[in-house]
Amino acid sequence: MSIAAVVYFGCWAAFVWIGDSWLQVLMAAALAVVFTQFGFLAHDLGHRQVFRTRRPSDVAGLIIGNLGVGLGWGWWNTKHNRHHANPNHEDHDPDVSPAVIVWSEEQVERSSGLPRFIAKHQALWFFPLLTLEAWHLHIASVKALFQPAAKRPKLELTLLATHFVLYFGLVFTVLPFGKALVFLVVHQGLFGLYLGCTFAPNHKGMPVLTKEDKLDFLRKQVLTSRNVRGNLFTDVALGQLNYQIEHHLFPNMPAPNLRKAQPIVEAYCREIGVDYLETGLVESYGQALRHLHEVGAALR
């Protein structure tokens, strides 16, 4: 967390020092990486992996999520917990709701408007659409705070507003209007793309569950998740979410320990005859895209 914070402020200091230059496109890319790493930290804080008590987790999550990167930590945390409770379930997992992308043939049959148009060639649309994901999360974070169920709406809205005032104020103060727009497009586009690329290998292309499926906890978590094998670079780049199966079985386990749990879980699944899927990073994207392409086949 300390390293991430130092790099975060270091990048903004470099942004100011570089000033009016097209080199800021590189800074936009660097900040997209840092923002995503902050997202990983907020994710771990939401699962209570970092601190033993709730209050410091909430404080750090609000600072890193709302103030640091402009994402509503409280809203996202509630949404993410729903995903963990029922991963890849059509009726209960918000991550497979057919808002734009459709995830099953049944969703294709019920789709209309934009989702139906996209679904026809959604495997081709998938990565381009991810460049809009950061903007979507920003907007959804603000909208959620005006709902009756919102917790700490005034505090979270104040932190989000502070983030955007400082963010847009700094960008448009240091850069002329045209370069500032390019910076925003590159930074937020790559931020969304990187975020999406860390979540896509985990569940996309795995079985989509319905109310007809009656699975116990272990099978519900393991059969809908995919691990990505790799090395230290992969672990850091994916926020250790490449150990998705272990993370879903033990969401409160600190992320650095997931790699230690992995061989134990894999051996146990083999022992009881539960399919345990682990693949390479490129192949994980291939499986996800092939699934999206097959789902939209009926429209082609």
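Description of the structure in this document. Bear in mind that the values here come from a model prediction, so they are computed numbers and not experimental data. (Residues numbered from 1 in each chain as written. Predicted model: local features only at pLDDT ≥ 70, side-chain atom pairs only at ≥ 80, totals over all residues. Heavy atoms only, no water.)

1. What about helix H2 (residues 24–46)?
Owing to its 3.6 residues per turn, the α-helix brings residues three or four apart onto one side. As a reminder of what qualifies: Secondary structure counts use DSSP, requiring at least four H or I residues in a row for a helix and at least two E residues in a row for a strand, with both numbered from the N terminus. Helices are assigned an expected span. That span is 1.5 Å times one less than the residue count.
Look at H2: 32 Å from first C-alpha to last across 23 residues, which is about the 33 Å you get at 1.5 Å a residue. Arg 48 sits one or two residues past H2 and shows a positive phi near 60°.

2. Points about the packing of H2 against helix H4 (residues 73–85)
Each packed pair of helices is defined by two parameters, the angle between the axes and the distance between the axes. Applied cut-off: Lines fitted to the C-alpha atoms define the axes, with helices restricted to the stretch that makes contact. Angles between their N-to-C directions range from 0 to 180 degrees. Rotating anticlockwise by less than a right angle from the far helix to the near helix defines a left-handed crossing, while the corresponding clockwise rotation defines a right-handed one. In what follows, residue pairs with any heavy atoms lying within 4.5 Å of each other are defined as contacts. Gly falls in the polar group here, along with every residue not listed as nonpolar (Ala, Val, Leu, Ile, Met, Phe, Trp, Tyr, Cys, Pro) or charged (Asp, Glu, Lys, Arg).
Relative orientation of the contacting elements H2 and H4 amounts to 65°, with a least axis distance of 10 Å. You can see that H2 and H4 cross each other, and the crossing is right-handed. Side by side, H2 and H4 meet where Ala 42, His 43, Leu 45 and Gly 46 of the first sit next to Trp 73, Trp 76, Asn 77 and His 80 of the second. Looking at the contact of H2 with H4 residue by residue, the class counts come to four nonpolar, four polar and no charged.

3. Remarks on a negative patch on the surface
Worth spelling out the cut-off: In this scheme, patches are assembled from residues that exceed 30% relative accessible area and form no salt bridge. Like charges are connected within 9 Å, while nonpolar side chains (Val, Leu, Ile, Met, Phe, Trp, Tyr) are connected within 5 Å. Accessible surface is estimated by sampling points in the Shrake-Rupley manner with a 1.4 Å probe; for residues, cover comes only from the protein chains shown. Criterion for a salt bridge: a side-chain nitrogen of Lys or Arg within 4 Å of a carboxyl oxygen of Asp or Glu. A residue counts as positive if it is Lys or Arg and as negative if it is Asp or Glu; His and the chain ends are not included. Here the site of a charge means atom NZ of a Lys, CZ of an Arg, CG of an Asp or CD of a Glu. Only protein chains enter the accessibility calculation, which uses a 1.4 Å probe. A residue is then buried if its area is under 20% of the maximum for its type, exposed if over 50%, and partly exposed in between.
A cluster of acidic residues, Glu 105, Glu 106, Glu 109 and Glu 294, forms a negative patch at the surface. The element that contributes the greatest number of residues to the negative patch is helix H5 (residues 105–110), accounting for three residues. Examined against the element boundaries, Glu 294 turns out to sit in helix H15 (residues 281–295). The exposure class assigned to Glu 294 is exposed, which follows from its relative accessible area of 53%.

4. What about the nonpolar core?
Applied cut-off: To define a nonpolar core, start from buried Ala, Val, Leu, Ile, Met, Phe, Trp, Tyr and Cys residues and group those joined through side-chain atoms within 4.5 Å.
Counting 33 residues, the largest nonpolar core has Trp 12, Val 171, Phe 183 and Phe 191 as its most contacted members. Contributing elements (two or more residues each) for this core: helix H1 (2–18), H2, helix H3 (54–69), helix H8 (133–144), helix H9 (153–174) and helix H10 (177–203). For this core, the element with the most residues is H2, which contributes 10 residues. Judged by nonpolar contacts, the second largest core, of 11 residues, contains Val 96, Ala 123, Cys 197 and Ala 200.

5. Thoughts on the packing of aromatic side chains
What counts, and what does not: Each aromatic pair joins two rings of Phe, Tyr and Trp (for Trp, the six-membered one) with centres within 6.5 Å, and gets the label stacked for planes under 30 degrees apart, edge-to-face for over 60, and tilted for any other angle.
Tallying each qualifying case throughout the model produces 16 aromatic pairs. When the centroid spacing of 6.4 Å and the interplanar angle of 50° are considered together, the rings of Trp 12 and Phe 183 count as tilted. Of this pair, Trp 12 sits in helix H1 while Phe 183 sits in helix H10; the two residues are 171 residues apart in sequence, bridging distant segments of the chain. A relative accessible area of 11% means that Trp 12 is categorised as buried. By relative accessible area, Phe 183 is classed as buried at 2%. Both rings, one in Phe 164 and one in Phe 168, keep their centres 6.1 Å apart while their planes meet at 25°; by these two values the pair is stacked.

6. Considering the pattern of salt bridges
Counting across every chain of the model gives nine salt bridges. Linking Lys 179 and Asp 20 is a salt bridge whose minimum nitrogen-to-oxygen distance equals 2.7 Å. Taken together, the positions of Lys 179 in helix H10 and Asp 20 in the loop between H1 and H2 put the pair 159 residues apart, joining distant regions of the chain. Taking the shortest distance from any N to any O, the salt bridge between Glu 266 and Arg 270 comes out at 3.9 Å. Of this pair, Glu 266 and Arg 270 both sit in helix H14 (residues 258–272), four residues apart, roughly one helical turn. The exposed category is assigned to Arg 270, whose relative accessible area is 59%. Three or more residues are tied together by salt bridges with common partners; here these are Arg 48, Asp 58, Arg 152 and Glu 156.

7. Regarding the side chain of His 138
If you trace the backbone, His 138 turns up in helix H8. His 138 sits in the buried class, given a relative accessible area of 4%. Excluding its chain neighbours within four sequence positions, the residues that come into contact with His 138 are Val 69, Gly 70, Leu 71, Phe 164, Gln 188 and Phe 191.

8. Structural notes on the environment of Asn 202
Tracing the backbone shows Asn 202 in helix H10. Residue Asn 202 is classed as buried on the basis of its relative accessible area of 2%. Those residues in contact with Asn 202 that lie beyond four places of it in its chain are Thr 224, Ser 225, Arg 226, Leu 241 and Gln 244.

9. A short note on the packing of H8 against H9
Test applied: Angular relationships are summarised with four words: roughly parallel below 35 degrees, roughly antiparallel beyond 145, roughly perpendicular across 65 to 115, and oblique for the angles in between.
Look at H8 against H9: their axes get within 10 Å of each other, and the N-to-C directions meet at 140°. Taken together, the axis directions place H8 and H9 in an arrangement best described as oblique. The segment H8 lies against H9, with Trp 135, His 138, Ser 141 and Val 142 engaging Leu 157, Leu 160, Phe 164 and Phe 168. For the contact of H8 with H9, the class distribution of residues is six nonpolar, two polar and no charged.

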